[in-house]
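Survey of secondary and tertiary structure
As a plain string of letters, each chain reads:
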Amino acid sequence: MKTFDNYSKYYDIFNQEKNYSQEAEYVLKLISQHVAKCNSLVEFGCGTGKHAVHFAKHYTICGVDFSPTMLEQASLTIKEHKIDDDKVKLICDNIQSVKLDQKYDVCVSIFHVMSYMQNNDQVLAVLKNARRHLNESGVFIFDCWYGPAVLKQRPTQRIKKLTKGDNEYIRLADPELAIDQNIVKVHYHIFELNSKTSQYNTYEETHIMRYYFEPEIQLFCQLSGFELVESHAWLTEEHPGEDNWGACFVLRAI
Ligand SMILES: C[S@@+](CC[C@H](N)C(=O)[O-])C[C@H]1O[C@@H](n2cnc3c(N)ncnc32)[C@H](O)[C@@H]1O
């Protein structure tokens with residue numbers, strides 16, 4: 001079983017406070033600044049489709065994700081938002097190797113999908129594949145964990161408690177920093193309790209997250225046919241820094 005196959009059941013519950021519409025607007029603004037005429041967009045790691053439904057209001061889109069259970073949820077999200085079937089295509093595949101039957105003006109990969117690429121081969125495989133699927137001067141926009149912030153702030157144990165209907169959910173995130181590999185192993189322990197029946201479920205899953213530094217992004221760009229055109233602290237127009245865990249990079253196909 002892959003990461004997310006179990007977690008997908010809880011994914012939207014634990015991210016219910018995430019402002020997907022604000023994030024999509026931020027990415028749409030970057031697209032308008034960097035792409036003269038955008039008609040088509042491919043999203044790498046589209047998950048449950050919460051950004052995709054915003055993008056589909058503007059472009060024809062294709063969402064790729066290797067988790068069938070995340071994509072099942074994405075289909076429901078698309079139905080709920082009454083998006084026409086011909087506006088969104090969902091493909092279950094690995095973003096490192098998927099071969100789509102068309103090229104796109106923009107590729108986006110949001111909410112730390114690139115941080116799931118643990119080693120250089122995986123990072124390069126995704127970048128080269130994004131490049132392969134872009135039209136001339138197309139852009140690839142992604143966010144990821146940002147090294148200087150991770151090393152300054154250090155990952156800490158976090159507990160999230162949420163209620164949905166009769167169910168209470170507790171998620172403990174227990175991070176383990178592997179400083180010589182630029183990764184953090186985040187061990188999730190999830191507890192789900194039905195307050196009416198007192199029945200409960202527990203499960204555990206480890207997500208291995210890579211943090212990046214700008215010079216290595218520049219090198220990855222050179223090796224995959226991109227130039228780095230902009231970087232920002234996530235959801236801002238500022239340069240990435242130690243205070244913001246997330247960074248956003250805009251790459252142009254050359
Ligand atoms: C943190 S979630 C982000 C999902 C969505 N972009 C969002 O903002 O909610 C990371 C997603 O990346 C997908 N993913 C990770 N590695 C992948 C790979 N190699 N190929 C395809 N999908 C991948 C996971 O299945 C998951 O849906």
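Nothing here was measured: the structure is a model prediction, and the numbers come from that model. (Residues numbered from 1 in each chain as written. Predicted model: local features only at pLDDT ≥ 70, side-chain atom pairs only at ≥ 80, totals over all residues. Heavy atoms only, no water.)

Some details on unusual backbone geometry
For the record, the criterion: A helix here means a DSSP run of H or I that spans at least four residues, while a strand means a run of E at least two residues long, and both kinds are numbered starting from the N terminus.
Positive phi, normally seen in glycine, also occurs at lysine 82, with a value near 50 degrees. Relative to the helices and strands, lysine 82 is located in the loop between α4 (68–80) and β3 (88–92). Notably, leucine 235 is not glycine yet its phi reads approximately 70 degrees, a positive angle. Here leucine 235 lies in the loop between β10 (226–233) and β11 (246–253).

With respect to the side chain of aspartate 105
As a reminder of what qualifies: Only protein chains enter the calculation, and the probe is 1.4 Å; a residue is then buried if its accessible area is under 20% of its type maximum, exposed if over 50%, and partly exposed in between. Note that His is not counted, nor are the chain ends; the positive residues are Lys and Arg, and the negative ones are Asp and Glu. Criterion for a salt bridge: a side-chain nitrogen of Lys or Arg within 4 Å of a carboxyl oxygen of Asp or Glu. Polar contact is the term for a pair of N or O atoms within 3.5 Å; when the atoms are in protein, one must be able to donate a hydrogen and the other to accept it, and sequence-neighboring residues count only if both atoms are side-chain atoms. Contact between two residues is taken to exist if any of their heavy atoms lie within 4.5 Å; hydrogens are not considered.
Positionally, aspartate 105 belongs in strand β4 (residues 104–109). Among buried Asp, Glu, Lys and Arg side chains, aspartate 105 stands out as unpaired, with lysine 37 the closest opposite charge at 7.3 Å. In terms of polar contacts, aspartate 105 uses its side chain to reach the side chain of asparagine 135, at 2.9 Å. Excluding its chain neighbours within four sequence positions, the residues that come into contact with aspartate 105 are Val35, Lys37, Cys38, Asn39, Ser40, Leu134, Asn135, Gly138 and Val139.

Here we look at the site of the ligand
Test applied: We call a residue near a molecule or strand as soon as one heavy atom of that residue lies within 4 Å of the molecule or strand. Values of accessible area rely on a 1.4 Å probe in the Shrake-Rupley scheme; residue burial ignores everything except the protein chains shown. When residues are grouped by polarity, Ala, Val, Leu, Ile, Met, Phe, Trp, Tyr, Cys and Pro land in nonpolar, Asp, Glu, Lys and Arg in charged, and all others, Gly among them, in polar.
Taken together, 21 residues lie around the ligand, and Tyr11, Tyr20, Gly45, Asp65 and Ile110 are the ones closest in. Here a nitrogen atom of the ligand and a backbone polar atom of glycine 45 are 2.7 Å apart. Measuring from a nitrogen atom of the ligand, one finds a side-chain N or O atom of asparagine 94 at 2.9 Å. When isolated, the ligand has an accessible area of 590 Å², and the protein chains bury 97% of it. Partitioning the shell around the ligand into residue classes produces 12 nonpolar, six polar and three charged.

Examining the packing of aromatic side chains
Rules: Here a pair means two rings of Phe, Tyr or Trp (six-membered ring of Trp) with centres within 6.5 Å. Their orientation is stacked below 30 degrees between planes, edge-to-face above 60, and tilted elsewhere. Only when the NZ atom of a Lys or the CZ atom of an Arg is both within 6 Å of the ring centre and within 35 degrees of the ring normal do we say a charge sits over the ring.
Taken as a whole and judged by the stated rule, the model has 15 aromatic pairs. For the pair tyrosine 7 and tyrosine 188, a centre-to-centre distance of 5.3 Å together with 25 degrees between the ring planes defines the contact as stacked. Within this pair, whereas tyrosine 7 is found in the segment before α1 (8–14), its partner tyrosine 188 is found in strand β8 (residues 183–194), the two being separated by 181 residues in sequence. Consider the rings of phenylalanine 140 and phenylalanine 142, whose centres lie 5.3 Å apart with planes at 35 degrees: the pair is tilted. Of the aromatic side chains, those joined through ring pairs into one cluster are Phe44, Phe140, Phe142, Phe226 and Phe249. Sitting over the face of the ring of tyrosine 20, lysine 18 holds its NZ or CZ atom 5.5 Å from the ring centroid. One cation-aromatic arrangement involves lysine 18 over phenylalanine 111; the distance from NZ or CZ to the ring centre is 3.5 Å.

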